[in-house]
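Read off the chains here:
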Amino acid sequence: MRARIIGGLALVAAALAAIAATASGGAAATNSITVWLQVDAQAANWEPIVKAANAAFQREHPGVAVNVQYQTWGNHLQKFDATLAGGNAPDVIEMGNTEMTKYMAAGAFQDITSDRGSFANSSTWLDGLAAAGRYGGKLYGVPYYAGSRVVTYRTDLFKKANIKVPTSLAEFTAAARKLGRQQGDRAFSPVYIAGTDWYFAMSFVYDNGGTIARQISGKWKGTLASPKAIAGLTAYRNFFLAASRASKTTDETKPNPYDVYAQGNAGSMVGPGWFSCCVGDKYKPLTAQFVMPSRIKGQPMPGFLGGSLLAVPIGANKSLGADWIKAYTSNQSMTSLRSIGNIPNTTSLLGNSVFERAARKSWFVPTAKNWVNVENGNILRNMLAQILTGKLSVRQAAQSASDNISSVLNAS
Amino acid sequence: MSRRPAPQVAAVAAEPLTLGARQRRPLTLRRVGSAAVPYLLVAPVVIAIAAVLGYPLYKLVTLSFQRYGLPELIQRKGEWVGLDNFRSVLGDEVFWDTLVRTIVFTAVNVALTMVLGLLLALLLVRLSTPVRVLLTTGLVLAWSMPVVVAVQVWIWMTNFQNGILNYTLTTLGVGDYFQHDWYATTFSKLAMVTLLIVWGALPFVVLSLYAGLSQVPRELLEAASIDGASSWRVFRDVTYPVLKPILYILTSLSIIWDFGVFTQAYLLIGASQVNVDNYLMGVYVFIEGYGHSDFGRGAAISVLWLLIVALLSVFYVRKMVRMEETA
């Protein structure tokens, strides 16, 4: 309660302090470079790959220290903004693929188009990732790795209910109903889905041939109110109501779906492939994964392909930064990343695992510079909550969200 | 006000005692010196305030007249756009919706805080010592809890699936609260924030009012009840006039605090649930300024907000000065 009034003002003051701190220039000392990776890469089986890349880099640049700093997804952009304002941005930064466009449009990264050929596998980079690193015909981000979304399920429960891995949405829905009846527990979700998990909900939109927004002669237009998108949103609502007992207004981190699963309250869950890590010792041997089926039998449903790219910020040492990226995205590095369950940045290394099959058919958010504002304004989540709680009809909610998206994407 | 010229008065009073022009000069010097002392004494405070408040404020105002987004942040150079930011904010219905919502929210929060606070303070006076110590300790503990920790505890208690609140209500037979969603609607979200804020604000209000109540002369209360005054009458004509200045200060401070609430609203509703339907002023500025990296527009909203809070403060300061004069 104490510092409440000042709260907002303090934020502004902090912004000003950040802006005012236009101290020493960015030209980093050439005896070290700073690399920002996400904490994911700090995992015990991942960090050796980073270390190996550092060693390879240092063989070419003896005496140049690599200072790897681990960041969290929640606040790395705010920190990055502050370093941009202060002129001490890192030499290499890992960016989420949905975060790239805004920063490329603002001129936060150095153009590395001329280096393209020298990055390993640059002719076979994954389309979804490579698209996120291009803006205005120039290359700013090198694909790093991707993460697809799959269904993680309890083999024992499926067996007990005599359910086979579903090959269509209709089959999956029927299976969910059967599982629910069999468990007869009010807290049990046959398929745990957080109500406002927009990554999953939009997959239904794309599965029905809809899109979130389109660019028509230079202007963005929200397209969620189109008949195809509405069919997709309706399919999502029906599937959610049949399969999930999760809160209709919460997101996919409160609680974490794998925590619900580990408590025995879920027959399956939808999310990134690594969800299988955290299902608890009891269910670990009883867990397997499959690709989310489409409404068309035998097809996968297009999934959201998350992923990261590596970029060289403005003011950084471009040649050293690019060289470090080359070392870290080498064929050997990618092979190691794949061996710990990530999807490599190139189709040439893509195998036939469930994640890799799920990655083959994917969708990506509109590449508009203001897209991030749609995300942090929670326009899609709000729409989903309105649809699931019945506050608005699918058509009303979609129309209002679509209008909002148009105005946000076209704002200057 | 009347006390400030005191040193000069003393110096003037000393004058008639001195005779002759030769003795005047040192006296004048002393007069100048003694006039400067108060200013020298306040100088450090003025300089400190100018540095930590004045400069950021100056930057804030200049920022509000510039286009300052991510590209400008990278170039470290804004573009002067005059009143564009203000025009865009004042023409945005989200701003007006948020303002109205924040005013209603503040009114409800302050009313609840003050009424409950007063009732609890009156209760505190009538309690036996052990119970009073127990209650006071509880209040102080609630007061000393960091806001972020308190929010986290509230999130756990009201959790949809495993929250103790749903469990307790269901077990006590109040109703079927199995998987009740306390954050289902905009109204319920803001109601939860209100509960948390009133809970956090009560200790300060209760303890201040309790201190004020100890100033009510006991013999007056006794005399009034011997004269046959009802307890409501005693409160209205004896207790209330004594408490009035304290109630006034607390209400004014609560209005300013609740109008600018950010932490509780942002964390309890959650980063993934705040949206145009439930923005309060603090959250709105944060999303517009930081979320959208539109620092110029965020600054414009802050300036408008600052003006509103300043208006409230002027009202409060004037009332305080007047009260002091009549006292």
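Worth saying up front: this structure is predicted, and the values here are computed from it rather than measured.

Let us now look at a positive patch on the surface. All names here are of chain B. A contiguous patch of positive charge, built from Lys-244, Arg-318, Lys-319 and Arg-322, is present on the exposed surface. In terms of residue count, the dominant contributor to the positive patch is helix 14 (residues 295–326) (three residues). Here Arg-322 lies in helix 14.

Residues and elements named next belong to chain A. Reading across the sheet, the five strands line up as 2-1-3-13-6 and stay open at both edges, with mixed pairing between neighbours. The two strands at the open ends of the sheet, each matched to only one other strand, are strand 2 (65–71) and strand 6 (141–147). Across the sheet, the axes of successive neighbouring strands diverge by a mean angle of 20 degrees, strand direction being ignored. Here strand 6 pairs with strand 13 (residues 306–311) via six bridges, running antiparallel. Bridge pairing links Gly-141 to Ala-311 in strand 13.

Our next topic: the packing of helix 5 (residues 93–126) of chain B against helix 9 (residues 186–213) of chain B. Residues and elements named next belong to chain B. At a minimum axis distance of 7 Å, the contact between helix 5 and helix 9 shows a crossing angle of 40 degrees. Between helix 5 and helix 9, the angle is such that the two are oblique. For the pair helix 5 and helix 9, the sense of crossing is right-handed. When grouped by side-chain class, the residues that make up the contact of helix 5 with helix 9 number 22 nonpolar, four polar and one charged.

Attention now goes to the domain arrangement of chain B. Residue and element names in this part refer to chain B. Split into domains, chain B comes out as domain 1 (6–63) and domain 2 (87–326). Each of domain 1 and domain 2 was reduced to a C-alpha centroid, and the two centroids are 41 Å apart. Counting residues at the interface gives four residues for domain 1, matched by six residues for domain 2. Both faces combined, the contact of domain 1 with domain 2 buries some 360 Å², and carbon together with sulfur accounts for 89% of it. Taken as a group, Leu-57, Leu-60 and Leu-63 account for 88% of the area that domain 1 buries against domain 2, more than any other trio of residues on that side.

On to the interface of chain A and chain B, then. Opposite the 48 residues of chain A that make contact, chain B presents 55 residues. For the pair chain A and chain B, the two sides together bury roughly 4500 Å², of which 58% comes from carbon and sulfur. For the pair chain A and chain B, the number of links is one salt bridge. Among the salt bridges present, the one from Arg-186 of chain A reaches Asp-176 of chain B, with a minimum N-O distance of 3.0 Å. Seen at the junction of chain A and chain B, the total is 13 residue pairs in polar contact (both at pLDDT 80 or more). Sorting the residues of the side of chain A that touches chain B by element identifies helix 1 (4–20), helix 3 (76–86), helix 4 (100–106), helix 14 (371–376) and helix 15 (379–389) of chain A as the ones contributing at least two each. Among the elements that take part in the side of chain A that touches chain B, helix 1 of chain A stands out by supplying 11 residues, more than any other. When its residues are assigned to classes, the side of chain A that touches chain B shows 19 nonpolar, 18 polar and 11 charged.

Residues and elements named next belong to chain B. Per-residue confidence for chain B gives a mean pLDDT of 85, with 89% of residues at or over 70. Considering each helix and strand of chain B separately, the mean pLDDT is smallest for helix 1 (residues 6–14), with a value of 42, and largest for helix 9, with 94. Overall, residues 1–22 carries pLDDT values under 50, and its contacts beyond four positions in sequence, including any with other chains, amount to five contacts. Model confidence for the complex: the whole-complex pTM is 0.79, and ipTM, which rates the interface, is 0.76.

What follows concerns the sheet that holds strand 10 (residues 268–272) of chain A. Residues and elements named next belong to chain A. Within the open sheet, the three strands sit side by side as 10-7-11. Their pairing is antiparallel. The open sheet terminates on both sides in strands that have one partner only, identified here as strand 10 and strand 11 (287–290). Across the sheet, the mean angle separating the axes of adjacent strands is 30 degrees when strand polarity is ignored.

Residue and element names in this part refer to chain B. Within helix 7 (residues 147–157), burial applies to Ala-150, Val-151, Trp-154 and Ile-155. All buried residues of helix 7 project into a common sector of 140 degrees when viewed along the axis, lining one side. Contacts made by the buried residues of helix 7 are with helix 9 and helix 12 (263–269).

On inspection of all chains with the given rule, the structure shows 13 salt bridges over all chains. The salt bridge partner of Glu-171 of chain A is Lys-297 of chain A, with a shortest N-O separation of 2.4 Å. Of this pair, Glu-171 of chain A sits in helix 7 (residues 169–183) while Lys-297 of chain A sits in the loop between strand 11 and strand 12 (303–304), placing them 126 residues apart in sequence. Glu-79 of chain B serves as the salt-bridge partner of Arg-67 of chain B, at 3.4 Å between the closest nitrogen and oxygen.

This part covers the environment of Asp-251 of chain A. Looking at where Asp-251 of chain A falls in the secondary structure, it is placed in the loop between helix 9 (227–243) and helix 10 (257–262). Look past the residues within four positions of Asp-251 of chain A in its chain and what remains in contact with it is Ala-194, Thr-196 and Arg-381 of chain A together with Ser-272 and Gln-273 of chain B. One polar contact links Asp-251 of chain A to Thr-253 of chain A, side chain to side chain, over a distance of 2.8 Å. Only 2.4 Å separates the side chain of Asp-251 of chain A from the side chain of Ser-272 of chain B, close enough to count as a polar contact.

On average, residues of chain A score 87 in pLDDT, and 93% of them are at 70 or above. Long-range and interchain partners of residues 1–29 of chain A, a stretch whose pLDDT sits below 50, account for 54 contacts in this model, where long-range means more than four residues apart.

A word on the packing of helix 15 of chain A against helix 16 (residues 394–410) of chain A. Residues and elements named next belong to chain A. Across the interface, helix 15 lies against helix 16 with an axial gap of 9 Å and an inter-helix angle of 170 degrees. It follows from the interaxial angle that helix 15 and helix 16 lie roughly antiparallel. Residues Ile-379, Leu-380, Met-383, Gln-386 and Ile-387 of helix 15 form the contact with helix 16, whose own contacting residues are Val-394, Ala-397, Ala-398, Ala-401, Asn-404, Ile-405 and Val-408. The residue inventory of the contact of helix 15 with helix 16, partitioned by class, reads 10 nonpolar, two polar and no charged.

On to the pairing of strand 13 of chain A. Residue and element names in this part refer to chain A. Extensive coverage of strand 13 is indicated by the burial of six of its six residues. Of the two faces of strand 13, both are covered, the one formed by Gly-306, Ser-308 and Leu-310 as well as the one formed by Gly-307, Leu-309 and Ala-311. The sheet contact formed by strand 3 (residues 92–96) and strand 13 spans four bridges and is antiparallel. From the neighbouring strand, Gly-96 faces strand 13, where its bridge partner is Ser-308.

Quick look at the side chain of Arg-297 of chain B now. Residue and element names in this part refer to chain B. Mapping Arg-297 onto the fold places it in helix 14. Side-chain polar atoms of Arg-297 contact the side chain of Asp-92, separated by 3.0 Å. Not counting the four nearest positions on each side in its chain, Arg-297 is found in contact with Asn-85, Ser-88, Val-89, Asp-92, Tyr-284 and Glu-288.

Time to look at helix 8 (residues 198–207) of chain A. All names here are of chain A. In terms of residue burial, helix 8 counts as a mostly covered element, since 10 of its 10 residues are buried. Buried within helix 8 are the following residues: Trp-198, Tyr-199, Phe-200, Ala-201, Met-202, Ser-203, Phe-204, Val-205, Tyr-206 and Asp-207. In the segment just after helix 8, Gly-209 is the residue with positive phi, at about 85 degrees.

Rules used in this analysis
- Residues numbered from 1 in each chain as written.
- Chains lettered and ligands numbered in written order.
- Predicted model: local features only at pLDDT ≥ 70, side-chain atom pairs only at ≥ 80, totals over all residues.
- Heavy atoms only, no water.
- Patch = residues over 30% accessible without salt bridge, like charges linked within 9 Å, V, L, I, M, F, W, Y side chains within 5 Å.
- Areas by Shrake-Rupley, 256 points an atom, 1.4 Å probe, with all protein chains shown as cover.
- Salt bridge = Lys/Arg side-chain N within 4 Å of Asp/Glu carboxyl O.
- Lys, Arg positive; Asp, Glu negative; His and termini not counted.
- Charge placed at Lys NZ, Arg CZ, Asp CG, Glu CD.
- Helix = DSSP H or I, 4+ residues; strand = E, 2+ residues; numbered from the N terminus.
- Pairing = 2+ DSSP bridges.
- Axes fitted to C-alpha atoms, helices over the stretch in contact; angles between N-to-C directions.
- Parallel < 35°, antiparallel > 145°, perpendicular 65-115°, else oblique.
- Left-handed = near helix turned anticlockwise from the far one by under 90°.
- Nonpolar A, V, L, I, M, F, W, Y, C, P; charged D, E, K, R; others polar.
- Domains from an automatic or database assignment.
- Contact = heavy atoms within 4.5 Å.
- Buried area = accessible area lost by both parts, 1.4 Å probe.
- Polar contact = N/O pair within 3.5 Å; in protein donor to acceptor, adjacent residues only side chain to side chain.
- pLDDT = per-residue confidence, 0-100.
- Buried < 20%, exposed > 50% of the residue type's maximum accessible area, 1.4 Å probe, protein only.
- Arc of directions from axis to C-beta.

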